[in-house]
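# What the coordinates show
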Amino acid sequence: MATHKLLILPGDGIGPEVMAEVEKVVAWFGKQGVAAFETERGLVGGSAYDAHGEAISNGDMALAQAADAVLFGAVGGPKWADVPYSKRPEAGLLRLRKDLGLFANLRPAICFPALAAASSLKPEVVEGLDILIVRELTGGVYFGEPKEIVTLEDGQQRAVDTQLYTTSEIERITRVAFELAKTRRNKVSSAEKHNVMRSGVLWKQVVTRVHKAEFPEVELEHVLADNCAMQLVRWPKQYDVIVCDNLFGDILSDVAAMLTGSLGMLPSASLGAEDPATGKRKALYEPVHGSAPDIAGKGAANPIATISSFSMALRYSFKAIEAADMLDKAVTNVLASGLRTADIKSDNTHVVGTAAMGDAIIKELQHLAG
Ligand SMILES: NC(=O)c1ccc[n+]([C@@H]2O[C@H](COP(=O)([O-])OP(=O)(O)OC[C@H]3O[C@@H](n4cnc5c(N)ncnc54)[C@H](O)[C@@H]3O)[C@@H](O)[C@H]2O)c1
Ligand SMILES: CC(C)[C@H](C(=O)O)[C@@H](O)C(=O)O
Ligand SMILES: [Mg+2]
């Protein structure tokens, strides 16, 4: 049986609450003999700052480098509003992404049949929705230099962030998007703003070139990112795979979350390049949502985004496709049975807390295993 090293980083706010449910799922699959999961735990975000004065320690970074997959909860919260910028909780997540080279962030937005009524959009707009946002994760305005606030001679301050992309950064994320589209409905929509940004001009050129040279059989369309946000709300089913830069991907994926009913439903996989020698890649699995300070500590958070992120780990890191399908089915069935956390409640459903939702998913896994 394969052994997989997992580093669990629960983080802050609802992070530890939702991660506790994932740990039940990991233990269940371990017991089933899908794989032997060796788990270690670390600190990230505000909890790491409180313990070490950094948003992630070098020791925990070394564990992340050595892990087959990192399972990440969420970071941030009002408690750390005044810590120095370089030590803010979110810096821990950004360091993980950058230092592990996790350039490809896959954010699937699937509307479960039982949840069409939980979306703030009309059911016919979201029923059957299955789109994938492929977000570039280690470049763009998140990391470009200079990034600073300087004081000018006249006493004003000036803030600068730099949007920066190179050809190879765009090429590699484009290839990920096209490869994934081939396994789906064979269409890529590339979102940028070439009408305003030089990085958008280069993005469009490179995507066009990679398409023509390597993936002519896949349908490609270019869409301005602001229009893409509007189209996602108007008629999202026109999309299959959307590829975009780091900042547009951040925003478009929060929009996509509401199509599925709640931010608490959207999982994600952050992947590095495949090592040709071992076939392995660095990977971190994280829900799209944050630490939700407004509901933290209440046992009310939806654990499905984080549980489904582990399903992506089974699929992308451990090639345990049957196990991943089974976990997805368990989530679908539990939702179909009418169980809901508060964020996805609708008429005639039964609202439960975080732990009860996790337990119901385990019970359904047990049922599916026979
Ligand atoms: N990956 C991450 O760690 C991550 C992602 C986004 C935001 N953040 C951080 O989280 C903090 C709060 O940010 P925010 O409030 O803008 O975004 P958020 O995602 O934490 O919350 C937005 C809204 O969605 C709800 N929500 C989020 N996840 C939920 C879940 N699993 N179940 C039920 N409801 C859920 C919250 O209650 C809140 O009303 C900030 O410090 C931000 O930087 C972290
Ligand atoms: C917490 C923050 C750094 C992060 C981002 O902006 O990438 C979050 O919003 C996300 O979507 O993963
Ligand atoms: Mg975000």
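Source: prediction; values computed, not measured. (Residues numbered from 1 in each chain as written. Chains lettered and ligands numbered in written order. Predicted model: local features only at pLDDT ≥ 70, side-chain atom pairs only at ≥ 80, totals over all residues. Heavy atoms only, no water.)

This brings us to the site of ligand 2. Taken together, Glu90, Arg97, Arg107, Arg135, Tyr142, Asp250 and Val288 make up the full set of residues adjacent to ligand 2. One of the side-chain N or O atoms of Arg107 is found 2.8 Å from an oxygen atom in ligand 2. Contacts to ligand 2 include Asp250, whose side-chain N or O atom sits 2.8 Å from an oxygen atom. For ligand 2, the accessible surface in isolation is 330 Å², of which the surrounding protein chains cover 77%. In this structure, ligand 2 is accommodated by the second largest pocket. Looking at side-chain class alone, the shell around ligand 2 contains two nonpolar, no polar and five charged residues. Two domains each donate at least three residues to the shell around ligand 2, and these are domain 1 (1-103 + 273-370) and domain 2 (110-271). (Near = heavy atom within 4 Å. Polar contact = N/O pair within 3.5 Å; in protein donor to acceptor, adjacent residues only side chain to side chain. Areas by Shrake-Rupley, 256 points an atom, 1.4 Å probe, with all protein chains shown as cover. 1 Å grid on protein atoms, 1.4 Å probe; cavity = no way out; pocket = protein on both sides within 12 Å on 5 of 7 lines; lining within 4 Å. Sits in = over half its atoms within 2 Å of the grid points. Nonpolar A, V, L, I, M, F, W, Y, C, P; charged D, E, K, R; others polar. Domains from an automatic or database assignment.)

Inspection of every chain in the model, using the stated rule, returns one cavity of 30 Å³ or more. Around the largest cavity, the lining residues are Gln163, Tyr165, Glu192, Lys193, Met197, Ser199, Gly200, Trp203, Asp245 and Phe248. Here the lining of the largest cavity takes three residues from helix 7 (residues 198-214), the largest share from any one element. Counted by class, the lining of the largest cavity contains four nonpolar, three polar and three charged residues. (Points joined across faces, edges and corners; volume = space filled by probe spheres on them. Helix = DSSP H or I, 4+ residues; strand = E, 2+ residues; numbered from the N terminus.)

Let's shift gears to the domain arrangement of the protein. Under the domain assignment used here, the protein contains domain 1 (1-103 + 273-370) and domain 2 (110-271). Across the contact, 33 residues belong to domain 1 and 29 residues belong to domain 2. Together, the buried faces of domain 1 and domain 2 total about 2700 Å²; carbon and sulfur atoms form 68% of this surface. The largest share of the area that domain 1 buries against domain 2 comes from Lys98, Phe103 and Val288, three residues that together contribute 28% of it. (Contact = heavy atoms within 4.5 Å. Buried area = accessible area lost by both parts, 1.4 Å probe.)

So, on to the sheet that holds strand 11 (residues 269-271). An order of 2-1-3-12-11-4-5-10-8-9 is seen for the ten strands of this open sheet, with the pairing classed as mixed. The open sheet has two edge strands with one neighbour each: strand 2 (36-41) and strand 9 (219-224). On average, adjacent strands in this sheet sit at an angle of 25° to one another, irrespective of strand direction. Running at roughly 105° to strand 9, helix 8 (residues 225-234) makes contact with strand 5 (130-136), strand 8 (187-192), strand 9 and strand 10 (241-244) of the sheet. (Pairing = 2+ DSSP bridges. Axes fitted to C-alpha atoms, helices over the stretch in contact; angles between N-to-C directions.)

Another point: the layout of surface pockets. What the largest pocket holds in volume is close to 800 Å³. Along the walls of the largest pocket sit 31 residues, with Leu106, Leu180, Met312, Arg315 and Tyr316 positioned nearest its centre. Residue assignment for the lining of the largest pocket shows that the elements contributing at least two residues are strand 4 (104-110), strand 5, helix 6 (167-182), helix 10 (304-316) and helix 11 (321-336). Here the residues of the lining of the largest pocket are counted per class, giving 17 nonpolar, five polar and nine charged. Split by domain, the lining of the largest pocket shows at least three residues from each of two domains, domain 1 (1-103 + 273-370) and domain 2 (110-271). Put simply, the second largest pocket is a space of about 440 Å³. Lining the second largest pocket are 21 residues, with Glu90, Leu93, Arg97, Tyr142 and Asp250 positioned closest to its centre.

Next up on the list: the UniProt feature "binding site: Mg(2+)" (unreviewed entry) in the protein. UniProt marks Asp226, Asp250 and Asp254 with the feature "binding site: Mg(2+)" (unreviewed entry), using the numbering shown here. Of the residues just listed, which span 29 residues, no C-alpha pair is farther apart than 13.7 Å, and they cluster in one region. Checked against the lining of the second largest pocket, the annotated residues reduce to Asp250 and Asp254. Using a relative accessible area of 46% as the deciding quantity, one classes Asp226 as partly exposed. Reaching out from Asp226, the side chain makes a polar contact with the side chain of Lys193 at a distance of 3.4 Å. The residue Asp254 is located in helix 9 (residues 246-259) in this model. Ignoring sequence-local partners within four residues, the contact set of Asp254 consists of Leu263 and Val288. (UniProt positions renumbered as here; feature names shortened; annotations may be inferred. Buried < 20%, exposed > 50% of the residue type's maximum accessible area, 1.4 Å probe, protein only.)

Those residues of helix 3 (residues 58-66) lying buried are Asp60, Met61 and Ala64. The buried residues of helix 3 occupy one face: seen down the axis, they fall within an arc of 105°. (Arc of directions from axis to C-beta.)

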